[in-house]
Structures are given as structure tokens and as C-alpha cells.
Amino acid sequence: MTDKQLSIEEALASIESGMTVGIGGWGSRRKPMALVREMLRRDDLTDLTVVALGGPDVGLLAAAGRIRRLIYGFVSLDSIPLDPNFTQARERGDLEVEEYDEGMFVTGLRAAGARLDFLPIRAGMGSDVMPANPHLKTVRSPYSDEEYVAMPAFDIDVALVHVNRADEQGNAQYLGPDPYFDDLFAMAAKRTIVSAEKVVPTSDLLTEGSFHTLLFSRMYASAVVEAPNGAHFTSCAPDYGRDETFQKHYAASAKDPDSWAEFETTFLQTDEAGYHAAVAQFHASRGEL
Amino acid sequence: MTTDATVAEICIAACADTYHESGEVLAHAVGIIPALGARLAKLTTAPDLVLSDGEAFFLSGPPTPDAEDTESMSVEGWAPFRRIFDIVATGRRQSMMGASQIDRFGNQNISLIGDWARPTRQLIGVRGVPGNTANHRVDYWVARHSARIFVEAVDMVSGVGNDRARTAGLTHHQLGVIVTNLAVFDYADDGTVKVRSIHPGVEPQGVIDATGFAIEVDGAPLTRLPSTEELHLIRVVLDPLDERRREIGT
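Residues numbered from 1 in each chain as written. Chains lettered and ligands numbered in written order. Predicted model: local features only at pLDDT ≥ 70, side-chain atom pairs only at ≥ 80, totals over all residues.

1. Notes on the overall build of chain A
As a reminder of what qualifies: Under the DSSP-based scheme used, a helix requires at least four consecutive residues in state H or I and a strand at least two consecutive residues in state E, with every element numbered from the N terminus. Using C-alpha atoms as the atom set, the radius of gyration is obtained and then compared with a globule rule of 2.2 Å times the number of residues to the power 0.38. Exposure classes come from backbone-placed C-beta atoms, where a residue is buried if 20 or more other C-beta atoms lie within 10 Å of its own, exposed if 12 or fewer do, and partly exposed in between. What counts as a contact is two residues whose backbone-derived C-beta atoms lie within 7 Å of each other.
Secondary structure summary: chain A contains 10 helices and 12 strands in total. The globule rule puts the C-alpha radius of gyration for 289 residues at 19 Å, and the 19 Å found for chain A is close to it. Seen along its three principal axes, the alpha-carbon backbone of chain A occupies a region of about 65 × 50 × 35 Å. When the 289 residues of chain A are sorted by exposure, 52% land in the buried category. Intrachain contacts of chain A at a sequence separation of at least 6 include 75% that bridge at least 24 residues.

Listed below in C-alpha cells is the structure:
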């Protein structure tokens, strides 16, 4: 069987400017942050369309000016309702946006995975999601007088997801309480890059969780990256919770240009090992272990 | 009648009242006061309500810090986000959530302030509100009633109001009430917001002044006070740390 394990640089090498990138997780939860940070290191990577139930993944990419078009249901840091990098990018008019009801968003993923042009959904009817997205059409039921939104499938070139465990072939496992929509992203996208806290032998996949935790099959994985703490600073239950102290620092820094420049220098203009070393230093300097 | 019930406690009881006829549905309550309202209803008038922990689990009873006289909660169901959307579509859910703006037909906005293409203030996005209002009962909670929130027209309709629901043919649309720190509102037959009751101690003129569209207050009754049992449950069982006080305007 194919060993798909790659370094983080190798895995992302195939992502090009102008592509549509789907990002798994939810808000500030189990986001593939190591993969997002690698995208930020790729200075050549711009003009992206990002599809996400957004958190700091969207904030970071927006702050770096990498996003041309953003397709989202919300962008939130959860314990901090708004990501200043996202709100400022919107208020500057930097982003083309498609904002959907969360249920519509999930329906767009499901339609893509099922290779349908659209799926019907009631959500959105009567709301300003319709005029805000003038490409949206409705469909009349062939069985009654009901009318639904014909939610179009998202056309995703590559999906990025972060899971607790994966094997070298890309069988992906989540051990926390919520799978979010990572399997739907994987099935919707042409290719999926899976990062995992730990890459384990296939025979070990059921040692930490029941078979219910096997989220999606290697059929939907094109590359596997081992990325310990790869969701930091978002949560990755049960391996670790959200780094709230660091998230506060992120959000506060994003509100001020000078602080943001310092944040970028300290945490982003370095490789993944350098990032985690800087985070450790950040906590040590505050007297936290 | 004299009472020592606070505005927060009156609002919690008003929130609890939204579940009288709900039956066996998932209570989705955003905010401290709405969450306490759902938990109070669960312990009093609506024992069949389904409560969630706000994450992925359903709980058999409300979280009751330090309580000895109530059933301790246990997990009774698993509902990660994907199942929430499935539940929304079945209609077995009832929401009470906030509003950054709300108009006289109950159109609600939490998405942004200003222009869609380049907002003055980007807020959180429409989240699940369009789907909530298309599928099941939705009530609103406004902790600081003001003319900036109750407006003539909202900037981005997230939660669908009665006028729009009628035009769009949303057969499962149902707006319940709006509970604020000043009053409780419901909707007239023509779908417009009307006063249902004004909280004890609130001047009716204050409600008119704090509402950005015309509102009739004459003859409005007083909002009911929480019973002795309800006050005990709120103060001793559900919220001994007085979290409720943090959310309410003065």
C-alpha cells in the first residue's frame, strides 16, 4: 500500500496560487494550523479561495493578504467571538466573500462529495444570504409547491485537515467529542492533506479509540504529515485544549499594526520547530510552564 | 406585590416561559440568561426538554453547581455539530439567541453593520440563524434594549422576520417572543412586534424611547414575577455564583 507520509514542505508543494483550499475544523477547534503556517511561509502563495467554518486559520491567511475570496459560515475564535484579522480585512474591503448559513455551508460540502451540482435546503430562504450571494438560485419541488435553496457544490482543489491519529496511508482518526466536518471536506475535495498529532501503524489505530473514531478512509487522503501540536493554538481534544493565553495574545496583537508586526516576526517568520520554541518562550516569559 | 426579584431573574422566568408548549425538543439557548431560562424550565414546567452542554453532548439535567437536591446530570446523547444541523432540519429544536439588530417584523441581524461589500463593522456572520428561523421556533434575547438594536431596518437579515417568511413561503417559520431587560414582546397578527408585558419598575415611556420603531405601550401588563420556587432554583441550584448579574444592563 502507498506510504503517503511526507514532510510538511513536500505535502504543501503542490498547492498553487489561485487554488481553492478547504480547511477543516470549526472556529478555534482542531484547525490544521501547522499546514496553515506552512502556507504562510510560502511567500508565492496568493490569490486563494478559502472555504472554511473559520477561526484563526482564516484570520492568519487574511492578515497575510493570501485570500482573494472567502467562503464561510462564520469566523470566530470561540472563547473570543471575533477574529480581529478577519473583521479588519472585511472592513478594509480586502475580501470577496460568500457568507452562508452554517447548514447551507455543510450542504455545499455534501453536494460536492456526492458529485451533485447542488442539494436543496430550506435554510437561507427569506434571508439576506440570498441577495448577498446573487449566484444562488432556488429550486421548486417537483412534488409540491415548496421552494428551496439550490445550494451549489463547493469546488475544492485541496482540503487541509488535522486529526489526532492517522496511519501512513491516510486512514484518519479523531479522538475528541466532535468530528466537525473533516470527512466531508475530504470527500468534497479533489485532494486532501491530512496532518496528524501522531502517525501510527495501522494495527495501532484501535488502541486509543473505538472503531467509531475512524473518521475517513485513505481513499480520501493524498498526503499524510505528522505534526505534533499541529492544531496549536486551537483545541485538539483529548490531546490538548485550546491555548487560551496564546489566543488572547494573538487577538490582542492583531488589533494593533506594531504588535502584529512583532507577532509575525516572533511566531510566523520561522519554521514549525521555531514556532513551537517561540510559543514555549512566550509561556515561560509569563511564568507559565 | 413586593418582591426582591431582580431584572435578571424576571428575564430568566420569561425565557423559561417560552418552553411551555415545546414538548420533547432540544433547547438551544445562547447567553447566560437564556441558558438559565431553559434550565429553569427543565426543572419546572418543561421536564421533557433536551438540554445540551453547549458542545457535543446532551445532558439528562441542568448543570447544578454545588446542588444536593437535584438529580446529578449524566450524558444522555451525543450531538456533534453535524447532528445539530440534522436536528434543525427535523424541527425538534427551539432557539433563543441574541440580536445585534432587530426590526419591527422580527428580522434579526448578527452578521455585520453597514454595507455588505464593505461593512463598517464585521460581526460574526449569519451562523445558523437563517436555518433556525426556516425550521423551528426562534426567540430573541436582548440584554441591553436600545434604539441601536431595535431599528427600522436591519443591515443584513440573518434571522428571517415574519414579513419575509410569508413571502418566502417558510411553512415551519415561528417567531416566539423577544425578552429584553425592559420588556417582553411578541408579534401581532400582521407580524409586527408588539409589547406583551413591561417589567415591573420600568417606565413605559422608557420602552418607547429605547425602541427605534413605533411601539404601543398603553395597557401593557407587568411581566410576571418568578415564583418563590423559581427564585430558589435560580439562586440556590442553577446559578449560585450569580453569573446572571453580569449579562444584564442597568
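2. Re the overall build of chain B
Of regular secondary structure, chain B possesses eight helices and 13 strands. Over its C-alpha atoms, taken along the principal directions, chain B stretches across nearly 50 × 45 × 35 Å. Within chain B, the fraction of its 250 residues that count as buried is 50%.

3. A closer look at the environment of arginine 41 of chain A
Within the secondary structure, arginine 41 of chain A sits in helix 2 (residues 33-41). The class for arginine 41 of chain A is partly exposed, based on 16 C-beta atoms found within 10 Å.

4. Structural notes on unusual backbone geometry
Residue and element names in this part refer to chain A. Here the amide bond leading from histidine 232 into phenylalanine 233 is cis, since omega sits at 10°, within 30 degrees of zero. Examined against the element boundaries, phenylalanine 233 turns out to sit in the loop between strand 12 (223-226) and helix 8 (244-254). In this structure, the amide linkage connecting alanine 237 to the following residue, proline 238, adopts the cis form with an omega of -5°. With respect to the secondary-structure elements, proline 238 resides in the loop between strand 12 and helix 8. A positive phi angle is found at aspartate 78, which is not glycine, with a value near 65°. Along the polypeptide, aspartate 78 turns up in the loop between strand 3 (67-75) and helix 4 (84-91). A residue is classified by how many C-beta atoms lie within 10 Å of it, and aspartate 78, with 15 of them, is partly exposed.

5. Some details on the domain arrangement of chain A
Residues and elements named next belong to chain A. Our working definition: Boundaries between domains were set according to an automatic or database domain assignment. Throughout this entry, Asp, Glu, Lys and Arg are counted as charged residues, while Ala, Val, Leu, Ile, Met, Phe, Trp, Tyr, Cys and Pro are counted as nonpolar. The remaining residues, Gly among them, count as polar.
We note that the domain assignment places domain 1 (8-108 + 154-285) and domain 2 (118-152) within chain A. With eight residues of domain 1 at the contact, the number on the domain 2 side is 10 residues. Tallying contributions element by element places helix 5 (residues 102-113) first for the side of domain 1 that touches domain 2, with four residues. Broken down by class, the residue content of the side of domain 1 that touches domain 2 amounts to two nonpolar, three polar and three charged.

6. Section: the pairing of strand 7 (residues 147-152) of chain A
Residue and element names in this part refer to chain A. Cut-off, in case you're wondering: Note: two strands are recorded as paired if DSSP finds a minimum of 2 bridges between them.
One ladder, built from four bridges, connects strand 5 (residues 118-121) with strand 7; its direction is antiparallel. Each residue of the ladder has a partner; that of proline 120, found in strand 7, is alanine 150. Pairing analysis gives four bridges linking strand 6 (residues 137-140) to strand 7, with the strands arranged antiparallel. Pairing of valine 139 across the sheet is with tyrosine 148, part of strand 7. Counted between consecutive antiparallel strands, the loop separating strand 6 from strand 7 contains six residues.

7. As for the interface of chain A and chain B
With 32 residues of chain A at the contact, the number on the chain B side is 36 residues. When residues of the side of chain A that touches chain B are traced back to their parent elements, those giving at least two are strand 3, helix 4, helix 5 and helix 6 (129-132) of chain A. With four residues, the single largest contributor to the side of chain A that touches chain B is strand 3 of chain A. Per-class residue counts for the side of chain A that touches chain B are 15 nonpolar, eight polar and nine charged.

8. Details of the sheet that holds strand 1 (residues 26-29) of chain B
Residues and elements named next belong to chain B. Worth spelling out the cut-off: Whenever a helix is involved, its axis is fitted only over the stretch in contact; in every case the axis is a line through C-alpha atoms, and angles between N-to-C directions fall within 0 to 180 degrees.
The strand order across the open sheet formed by six strands is 1-5-10-11-12-13, and the pairing between neighbours is mixed. The sheet is open, and its two borders are formed by strand 1 and strand 13 (193-198), each paired with just one other strand. Each strand axis lies, on average, 20° off the axis of its neighbour in the sheet, ignoring direction. Looking at chain direction, strand 1 and strand 5 (residues 93-97) are connected through four bridges and run parallel. Residue histidine 28 lies in a different strand from strand 5, and its bridge partner there is serine 95. In the packing of helix 1 (residues 7-16) onto the sheet, the strands contacted are strand 5, strand 10 (137-142), strand 11 (174-180) and strand 12 (183-187), and the crossing angle to strand 11 comes to about 170°. Where helix 2 (residues 32-43) meets the sheet, its contacts fall on strand 1, strand 5 and strand 10, and the angle it forms with strand 1 comes to roughly 160°.

9. Remarks on helix 3 (residues 56-63) of chain A
Residue and element names in this part refer to chain A. In terms of residue burial, helix 3 counts as a mostly covered element, since eight of its eight residues are buried. For helix 3, the complete set of buried residues consists of Pro56, Asp57, Val58, Gly59, Leu60, Leu61, Ala62 and Ala63. A positive backbone phi angle near 70° is found at glycine 65, which sits one or two residues after helix 3.

10. A short note on the confidence of the model for chain B
How we decide: Per residue, pLDDT measures the predictor's confidence, with a range of 0 to 100.
Confidence in the prediction for chain B averages 94 pLDDT; 96% of positions are at 70 or higher. This prediction of the complex comes with two scores: 0.96 for pTM and 0.94 for ipTM.

11. A few points about the nonpolar core
Stated precisely, the cut-off is as follows: Any set of buried Ala, Val, Leu, Ile, Met, Phe, Trp, Tyr and Cys residues joined through C-beta atoms within 7 Å is what this text calls a nonpolar core.
Grouped together as the largest cluster of nonpolar side chains are 150 residues, with contacts concentrated most on Val50, Ala188 and Val194 of chain A together with Ile12 and Leu40 of chain B. The greatest single-element share of this core, amounting to nine residues, is contributed by helix 1 of chain B. When we break this core down by domain, the ones giving at least three residues each are domain 1 (8-108 + 154-285) and domain 2 (118-152) of chain A. The contacts of valine 50 of chain A, once residues within four sequence positions are left out, are Val21, Ile23, Val58, Leu61, Ile67, Leu70 and Ile71 of chain A.

12. A short note on the sheet that holds strand 5 of chain A
All names here are of chain A. The sheet built from three strands is open, its strands ordered 5-7-6 with antiparallel pairing. The sheet terminates laterally at strand 5 and strand 6, the two strands that pair on one side only. Strand-to-strand twist of the sheet, defined as the mean angle between neighbouring strand axes without regard to direction, takes the value 40°.

13. A few points about helix 1 of chain B
Counting buried residues in helix 1 of chain B gives 10 out of 10 residues, a clear majority hidden from the surface. Taken residue by residue, helix 1 of chain B has Val7, Ala8, Glu9, Ile10, Cys11, Ile12, Ala13, Ala14, Cys15 and Ala16 of chain B as its buried positions.

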